[in-house]
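Observations on the three-dimensional arrangement
Spelled out, the chains give:
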Amino acid sequence: MTSRTKNRGYIYLRRSDGKQETSLQKQLAWALATARQHGISVDATAEDLEYMSANDLHAYKSIRLDDTITGADLKRPGMTALIKDAKMDLGISHVLFFKRDRLGRPDSPVDMMVIEESLRLAGITIVRSDGISEASANEDVALMNSIMMLFDYHRSGKFLKELAEQMVLTQEQLAQRGYWTGGNAPYGFIRALVDEHGTILENLPQGKRVRQAGCHVVIVPDDMEKIAVWKLILSLKEQGWGYKRIVSYLNNAAIPSPHAGRHRKDRGVKHEVSGRWTL
């Protein structure tokens, strides 16, 4: 076990959905209070979290962050930085995260057990809201901790599967009634909020979410030039064109792709979408 003499720590924060899970701010508030309680030195404030969110950072001072990234992804940039930095910096003796389901919701509980145990064997004590895994635990305590890890990560992964199944069922029921089930509107369309009679109450710009009793979201045509591109693609396909030929035609004609100029995140990294069509 690696010798670590200083009482410094890292804080790990994660959420996959800002609406449904313990907020990052609440996780941080718990971690700061717990660090003070146990005499663990951390360089982190609520302002630091805001700065990280505004600048799409995954590591800053004592915070390691994965925002809107699923816990099933075992290569999350924030968690990857946490593991690497904590192991390399021998001044780090503690890692704090709210619960094990914040560190991960794995398909296989063994995957996360290996990750967590590697931190403990590196001499790092793990502090959670529901327990502490001491780096110096004896064999009996370590065995009990492994049993609890297996249970916690199995429960986290099972919850993720059950949630996914319930979401699919709900979306299927909504789609059968003609409602939009989520995500951006298709090329040339816009989302609209309708009441129980189908009357449009307002058009919804990208990113806006509305929850209103008795109302649902539908998609309606919005940009006739883009609708014309839709019709062109269908016409070319009907004439026997292959997809590669259609993509080449659209790019040669300098017709922008659906998300040209927008920004998106891949594995938490923000980048601008090109204007080229791809398969």
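The rules behind the values
- Starting afresh in each chain, residues are numbered from 1 along the sequence in its written order.
- In keeping with the model being predicted, local features are shown solely for residues with a pLDDT of at least 70 and side-chain atom pairs are shown and tallied solely at 80 or more, while totals for entire chains, interfaces and linings include all residues.
- To obtain the side-chain values, all non-hydrogen atoms of the structure were included, while hydrogens and water were left out.
- Cavity: a set of points on a 1 Å grid over the protein atoms alone where a 1.4 Å probe fits but cannot get out. Pocket: an open set with protein on both sides within 12 Å along at least five of seven lines, its lining residues, like those of a cavity, having an atom within 4 Å of a point.
- Grid points are joined across faces, edges and corners, and a volume is the space filled by probe spheres set on the points.
- Strands are runs of DSSP state E lasting at least 2 residues, helices are runs of H or I lasting at least 4, and numbering of each runs from the N terminus.
- Think of it as three bins: nonpolar holds Ala, Val, Leu, Ile, Met, Phe, Trp, Tyr, Cys and Pro, charged holds Asp, Glu, Lys and Arg, and polar takes everything else, Gly as well.
- Only strands that DSSP links by at least two bridges are regarded as paired with each other.
- Residues are treated as being in contact if the distance between any of their heavy atoms lies within 4.5 Å.
- For helices, the fitted axis covers only the stretch in contact; all axes are lines through C-alpha atoms, and the angles between them, taken along N-to-C directions, range from 0 to 180 degrees.
- Buried Ala, Val, Leu, Ile, Met, Phe, Trp, Tyr and Cys residues that are joined via side-chain atoms within 4.5 Å together make up what is termed a nonpolar core.
- Classification of residues uses two cut-offs on accessible area relative to the type maximum, computed with a 1.4 Å probe and protein chains only: under 20% is buried, over 50% is exposed, and between them is partly exposed.
- Throughout, the term roughly parallel applies to angles under 35 degrees, roughly antiparallel to angles over 145, roughly perpendicular to angles from 65 to 115, and oblique to all others.
- A clockwise turn of the near helix away from the far one marks a right-handed crossing, whereas an anticlockwise turn of less than a right angle marks a left-handed crossing.
- Whenever a carboxyl oxygen of Asp or Glu lies within 4 Å of a side-chain nitrogen of Lys or Arg, that contact is scored as a salt bridge.
- Within 6.5 Å between ring centres, the rings of Phe, Tyr and Trp (the latter by its six-membered ring) count as paired, and their orientation is classed by plane angle as stacked under 30 degrees, edge-to-face over 60, tilted in between.
- Throughout this description, the term charge over a ring refers to an Arg CZ or Lys NZ atom that lies within 6 Å of the ring centre and within 35 degrees of the ring normal.

Next up on the list: the layout of surface pockets. Estimated volume of the second largest pocket: approximately 300 Å³. Taken together, 18 residues make up the lining of the second largest pocket; nearest its centre are Ala185, Pro186, Gly188, Phe189 and Arg262. If you list the elements that add at least two residues to the lining of the second largest pocket, you get strand E7 (189-194) and helix H7 (224-238). Considering every element that reaches the lining of the second largest pocket, the biggest residue donor is E7, with 3 residues. Along the lines of polarity and charge, the residues of the lining of the second largest pocket split into 9 nonpolar, 4 polar and 5 charged.

Across the sheet, 6 strands lie side by side as E2-E3-E1-E4-E5-E6; this open sheet has mixed pairing. Because the sheet does not close on itself, it has two edges, and the strands there are strand E2 (59-60) and strand E6 (131-133). Judged from the 2 bridges that link them, E2 and strand E3 (residues 63-67) form a sheet pairing that is antiparallel. The residue bridging Ala59 from the neighbouring strand is Arg64, located in E3. Contacts between helix H3 (residues 77-88) and the sheet are confined to strand E1 (8-15), E2, E3 and strand E4 (92-96), with E3 contributing the most and set at about 160° to the helix.

With that out of the way, let us pick up the sheet that holds strand E9 (residues 216-221). Here 3 strands make up an open sheet; going across it, the order is E8-E7-E9 and the pairing antiparallel. Strands at the two margins of the open sheet, each flanked by one partner only, are strand E8 (200-204) and E9. Adjacent strand axes in the sheet meet at a mean angle of 40° when their direction is disregarded. Across 6 bridges, E7 lies against E9 in antiparallel orientation. Following the sheet pairing, Arg191 is matched in E9 by Ile219.

Formed by 16 residues in total, the largest nonpolar core has its most connected members in Ile11, Leu13, Leu28, Ile63, Leu65 and Leu96. Elements with a minimum of two residues in this core: E1, helix H1 (24-38), helix H2 (46-54) and E3. The element contributing the most residues to this core is H1, with 6 residues. Apart from the residues lying within four places of it in its own chain, the contact partners of Leu65 are Leu13, Leu24, Leu49, Met52, Ser53, Leu57, His58 and Gly78. The next biggest cluster of nonpolar side chains, apart from the first, holds 15 residues, and it includes Tyr10, Ala86, Val95 and Ile115.

To continue, consider unusual backbone geometry. Residues other than glycine seldom take positive phi values, yet Asp56 does so here, at roughly 55°. Tracing the chain through its elements places Asp56 in the loop between H2 and E2. We classify Asp56 as partly exposed; its relative accessible area is 25%. Although it is not a glycine, Ala254 adopts a positive phi angle of roughly 60°. The exposure class of Ala254 is exposed, given its relative accessible area of 62%.

Before going further, it helps to spend a moment on the packing of H7 against helix H8 (residues 243-252). Between H7 and H8, the least distance of the axes is 10 Å, while the angle of their chain directions is 140°. With respect to their mutual orientation, H7 and H8 come out oblique. The chirality of how H7 crosses H8 is right-handed. Only Tyr243, Ile246, Tyr249 and Leu250 of H8 make contact with H7, whose side of the interface consists of Val229, Leu232, Ile233, Leu236 and Lys237. Residues that form the contact of H7 with H8 fall into these classes: 8 nonpolar, no polar and 1 charged.

Before going further, it helps to examine the pattern of salt bridges. Applying the stated criterion to the full structure yields 9 salt bridges. Glu116 serves as the salt-bridge partner of Arg100, at 2.8 Å between the closest nitrogen and oxygen. Of the two residues, Arg100 is situated in helix H4 (residues 100-103) and Glu116 in helix H5 (residues 109-121); the sequence distance between them amounts to 16 residues. Like Arg100, the residue Glu116 is buried in the burial classification.

A word on the packing of aromatic side chains. Any two aromatic rings considered together are summarised by their centre-to-centre distance and by the angle between their planes. Applying the stated criterion to the full structure yields 4 aromatic pairs. Judged by centre distance (5.0 Å) and plane angle (45°), the rings of Tyr51 and Tyr60 are tilted. Pairing Tyr187 with Trp277 gives two aromatic rings, centres 5.7 Å apart and planes at 85°, and the pair type is edge-to-face. With Tyr187 in the loop between helix H6 (139-176) and E7 and Trp277 in the segment after strand E11 (269-272), the pair connects residues that are 90 residues apart, well separated along the chain. A cation over an aromatic ring shows up here: Lys237 above the ring of Tyr243, its NZ or CZ 4.1 Å from the ring centre. One residue, Arg245, lies across the ring of Trp241, its end atom 3.7 Å from the ring centre.

These figures come from the coordinates and say nothing about function on their own.
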